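# Residue-level structure breakdown
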Amino acid sequence: VLLILAVILLAGKGSFLIAGLNTMPEKDASRYNVPRITRFVGGMLLVSGLILLLVYLISLFFETYVGMVSMIGTVITLIVIIAGVIYMNVSPKFKK
């Protein structure tokens with residue numbers, strides 16, 4: 001599901017799926033570069049989806065380390081998401 005949504009967002013479609021952006025008034029939304037935000041969120045979803053897929057594949061081959069691999073994958077995914085959200089809020093690239 002994450003990878004499918006990532007492809008949609010990377011294509012520049014589906015900006016209505018981004019929380020906060022879809023409920024923002026038009027005059028406030030005009031201050032932001034919506035296509036760039038949409039592609040960036042799609043990239044974050046793609047990275048998160050690939051990390052989770054990699055964790056799943058690793059856990060298939062190394063059954064004894066499932067817990068550790070899952071925890072490491074979850075922590076990396078959270079770091080990607082938190083760093084991405086902070087970057088979006090700080091960087092001037094996402095404002096017009």
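Refer to the structure printed above.
Keep in mind that this is a model prediction, so the values were computed, not measured. Starting from 1, residues in each chain are numbered consecutively following that chain's sequence as written. Totals for whole chains, interfaces and linings use all residues, but because this is a predicted model, local features are given only for residues with pLDDT of at least 70 and pairs of side-chain atoms are given and counted only at 80 or more. Excluding hydrogens and water, the side-chain values take into account all heavy atoms of the structure.

## Quick notes on the layout of surface pockets
Taking a probe equal in size to a water molecule and rolling it over the atoms shows the remaining empty space. Here a cavity is any set of points on a 1 Å grid over the protein atoms alone where a 1.4 Å probe fits but cannot get out, and a pocket is any open set with protein on both sides within 12 Å along at least 5 of 7 lines; a residue lines the site when it has an atom within 4 Å of a point. Grid points are joined across faces, edges and corners, and a volume is the space filled by probe spheres set on the points. In this structure, the largest pocket spans a volume of roughly 470 Å³. Lining the largest pocket are 20 residues; nearest its centre among them are I18, A19, I37, V41 and M88. Strands are runs of DSSP state E lasting at least two residues, helices are runs of H or I lasting at least four, and both sets are numbered from the N terminus onward. Residue assignment for the lining of the largest pocket shows that the elements contributing at least two residues are helix 1 (2-10), helix 3 (34-61) and helix 4 (66-90). Of the residues that constitute the lining of the largest pocket, the class distribution is 16 nonpolar, 3 polar and 1 charged. Side-chain classes follow a simple rule in which Ala, Val, Leu, Ile, Met, Phe, Trp, Tyr, Cys and Pro form the nonpolar group, Asp, Glu, Lys and Arg form the charged group, and the remainder, Gly included, forms the polar group.

## Examining the nonpolar core
In this structure, L9, I18, L21, I37, V41, M44, M88 and F94 together form the largest nonpolar core, which totals 8 residues. When residues no more than four places from it in sequence are discounted, the contact partners of I18 are L9, I37, T38 and V41. Throughout, nonpolar core names a set of buried Ala, Val, Leu, Ile, Met, Phe, Trp, Tyr and Cys residues whose side chains join them through atoms within 4.5 Å. Note on classification: 1.4 Å probe, protein chains only; a residue is buried when its accessible area is under 20% of the maximum for its type, exposed when over 50%, partly exposed between these limits. Note on contacts: a residue pair qualifies if any of its non-hydrogen atoms lie within 4.5 Å across the two residues.

## So, the packing of aromatic side chains
Two rings belonging to Phe, Tyr or Trp (six-membered ring only in the last case) form a pair when the distance between their centres is within 6.5 Å. Interplanar angles under 30 degrees mark stacking, angles over 60 mark edge-to-face geometry, and anything in between is tilted. One pass over the structure, following the stated rule, counts 3 aromatic pairs. Arranged with centres 5.8 Å apart and planes meeting at 90°, the rings of Y87 and F94 form a pair that is edge-to-face. For F94, a relative accessible area of 4% translates into the label buried. The structure contains a cluster of three or more aromatic residues connected by ring pairs, namely F40, Y87 and F94.

## Looking at the packing of helix 3 against helix 4
For helices, the fitted line uses only the C-alpha atoms of the stretch in contact; every axis is such a line through C-alpha atoms, and the angle between N-to-C directions lies from 0 to 180 degrees. Where helix 3 meets helix 4, the closest approach of the two axes is 9 Å, and the angle between their N-to-C directions is 175°. The angle between helix 3 and helix 4 falls in the class roughly antiparallel. Taking contact as the criterion, the partners of I37, F40, V41, M44, V47, S48, I51, L52, V55, I58 and S59 in helix 3 are, on helix 4, V66, V69, S70, G73, I76, T77, V80, I81, G84, V85, Y87 and M88. The class makeup of the residues in the contact of helix 3 with helix 4 is 17 nonpolar, 6 polar and no charged. Each angle receives one of four descriptions, namely roughly parallel if under 35 degrees, roughly antiparallel if over 145, roughly perpendicular if within 65 to 115, and oblique otherwise.

## What about a nonpolar patch on the surface?
Together, L50, L53, Y56, L57, L60, F61, F62, Y65, M68, I72 and I76 make up a nonpolar patch on the protein surface, roughly 1100 Å² of accessible area in all. Counting only elements with at least two residues in the nonpolar patch, the list comes to helix 3 and helix 4. Ranked by residue count, the leading element in the nonpolar patch is helix 3, at 6 residues. Given a relative accessible area of 38%, I76 falls into the partly exposed group. The patch calculation keeps residues exceeding 30% relative accessible area without a salt bridge and links them within 9 Å when they carry like charges or within 5 Å when they are nonpolar (Val, Leu, Ile, Met, Phe, Trp, Tyr). Residue exposure ignores everything except the shown protein chains as possible cover, and the areas themselves are Shrake-Rupley values with a 1.4 Å probe. Each salt bridge in this description consists of a side-chain nitrogen of Lys or Arg and a carboxyl oxygen of Asp or Glu lying within 4 Å of one another.

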